[in-house]
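Here are the chains, one letter per residue:
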Amino acid sequence: MHRRRFLAAGAAAASVGLAGCRSLFQTRSARSPPMVEDRPDAVYIPSHVEGMEMVGMADAGECKVALTYSFPHRFWRAEGDGFEKIEIQGSDTVHLMTTVWDPETGAVVPNGAVTTTITKDGETLASGKTLWLMLSQNMGVHAGDNLELDGDGTYDVEVSVPPLSARRTGAFRDRFDELATASFTMEFSQSTLEEVSFERLQDRQGERAALEPMEMDMVPLARAPATEDLPGTVVGEATSGDAVFVATRLESPPAGFVESGESDGTDAPSTDGGEGTYLAVSVRTPYNRYPIPAATVSATVTRDGDAVFDDDLAQTFDPDLGYHYGAVADVQSGDELTLSVGAPPKISRHEGYETAFVDFSEMSMTVGE
């Protein structure tokens, strides 16, 4: 397909011009402005917003993959129980990004193990390079990293999408379980990169808000279901670490449900694999309602002073519930539900998200009718 340039929402229609006499170092410095001072421990408007260049879309087994790139930029990579700031290196050429989705439902697949291999004129520049699972305000959930290219020219890019590690239920039960590869031909030039939109946000930076999502034809954004669209009965909503937690109760588990630790092979049941009510907790960002994957979430259900459920909730991907944390749990009206996060979500963050979703307090709610 022909490449299209996508402008970040809120960015100026014309790219910010940089004089041709400036060195590449000056260009990169101009597009990496100082960090916002006194950043809140929450989602905030970053120092700038930028667009991206579309390379193309391709099939990877049953999934679709979009490959895009933008300027190299700083981000925060999940490392152990914390986050490491990744600075722009002098050799970095682009920030390469992929979005993987299910073409049947439009659901973005939050795969944390996407890799890429890049070659030019038969020479391998990157082999099996991990693209980190990331969260950005204008692009949502994707995978990306800063990479070095070998100047202008034509590159062959292979993107490998491994099986999804999260439990899958419903129509996703037997899907996303095989390694698949998408192939792209990328025509790259520094002049094209420098035409990508860029805008400083000096009047808004640091505000407790978020940028509008980027509009992309045919490439979906990962969105958690609106609260009113969640299946079952919503029993409570709370905020902690600036993330929004919405709990819903289903009378039975989703089709194809398998308890954590049980076999997840092809001989697993294709209908309900558990009995009792199902507790699903959808964790999403404020403002843009992006799902927040790769967290450790647990729940305690207390009735008449006794805990009737106290366990971790499994990361689960379902076409109706979206990406959520769930378990079979006896949840009834009047129960006290307590949610806690054992470790911050192991998802890398672009600027504006790096101070949020880190420190969580317990959340308690009384289950309604």
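Below, the structure is looked at part by part. (Residues numbered from 1 in each chain as written. Predicted model: local features only at pLDDT ≥ 70, side-chain atom pairs only at ≥ 80, totals over all residues. Heavy atoms only, no water.)

Section: unusual backbone geometry
Reasoning step 1: Unusually for a residue other than glycine, D121 sits at a positive phi of about 55°.
Reasoning step 2: When you line up the elements, D121 lands in the loop between β8 (115-120) and β9 (123-130).
Reasoning step 3: Of the residues examined, D121 reaches a relative accessible area of 73% and is grouped as exposed.
Reasoning step 4: With a phi angle near 60°, F357 is a residue other than glycine that sits in the positive phi range. (Helix = DSSP H or I, 4+ residues; strand = E, 2+ residues; numbered from the N terminus. Buried < 20%, exposed > 50% of the residue type's maximum accessible area, 1.4 Å probe, protein only.)

Observations concerning the nonpolar core
One recurring pattern in soluble globular proteins is that nonpolar side chains are buried together.
Reasoning step 1: Counting 84 residues, the largest nonpolar core has F184, L279, L313 and L337 as its most contacted members.
Reasoning step 2: Contact partners of L313, with chain neighbours within four places excluded, come to L279, V281, V297, S298, A299, Y325, G326 and A327.
Reasoning step 3: By size, the runner-up hydrophobic cluster in this structure holds 9 residues, among which are L230, V244, L250 and V328. (Core = buried A, V, L, I, M, F, W, Y, C linked by side-chain atoms within 4.5 Å. Contact = heavy atoms within 4.5 Å.)

Side note on the side chain of T68
Reasoning step 1: Tracing the backbone shows T68 in strand β4 (residues 63-70).
Reasoning step 2: Under the relative-accessibility criterion, T68 is labelled buried at 2%.

So, the packing of aromatic side chains
Reasoning step 1: Using the criterion set out here, one finds 9 aromatic pairs in the structure.
Reasoning step 2: Geometrically, the ring pair formed by F71 and F198 is edge-to-face, given 6.3 Å between the ring centres and 80° between the ring planes. Residue F71 is found in the loop between β4 and β5 (75-79), and its partner F198 is found in strand β15 (residues 198-200); the two are separated by 127 residues along the sequence.
Reasoning step 3: Of the residues examined, F71 reaches a relative accessible area of 4% and is grouped as buried.
Reasoning step 4: Geometrically, the ring pair formed by Y353 and F357 is tilted, given 5.6 Å between the ring centres and 40° between the ring planes. Here Y353 matches F357 in class, with each residue buried.
Reasoning step 5: Members of the aromatic cluster, connected to one another through ring pairs, are F172, F176 and F317. (Phe/Tyr/Trp six-rings, centres within 6.5 Å; stacked < 30°, edge-to-face > 60°.)

Remarks on the pairing of strand β7 (residues 94-101)
Reasoning step 1: β7 sits mainly inside the fold: 8 of its 8 residues count as buried.
Reasoning step 2: As paired strands, β4 and β7 are joined by 7 bridges and run antiparallel to one another. Of the residues in β7, the one forming a bridge with V65 is V100.
Reasoning step 3: With 5 bridges connecting them, β7 and strand β11 (residues 140-147) associate as antiparallel partners. Residue T98 lies in a different strand from β11, and its bridge partner there is A143. (Pairing = 2+ DSSP bridges.)

Focus: the pairing of strand β10 (residues 132-136)
Two faces make up the sheet, and in a regular strand the side chains alternate between them.
Reasoning step 1: Extensive coverage of β10 is indicated by the burial of 4 of its 5 residues.
Reasoning step 2: By the bridge criterion, 5 bridges tie β10 to β11 in an arrangement that is antiparallel. Bridged to L135 within β11 is V141.
Reasoning step 3: Between β10 and β11, which pair antiparallel and follow one another directly, the connecting turn spans 3 residues.
Reasoning step 4: Note: β10 against strand β23 (residues 348-349), 2 bridges, orientation parallel. Paired with L135 across the two strands is R349, which belongs to β23.

As far as function goes, none of this settles anything; it's purely spatial.
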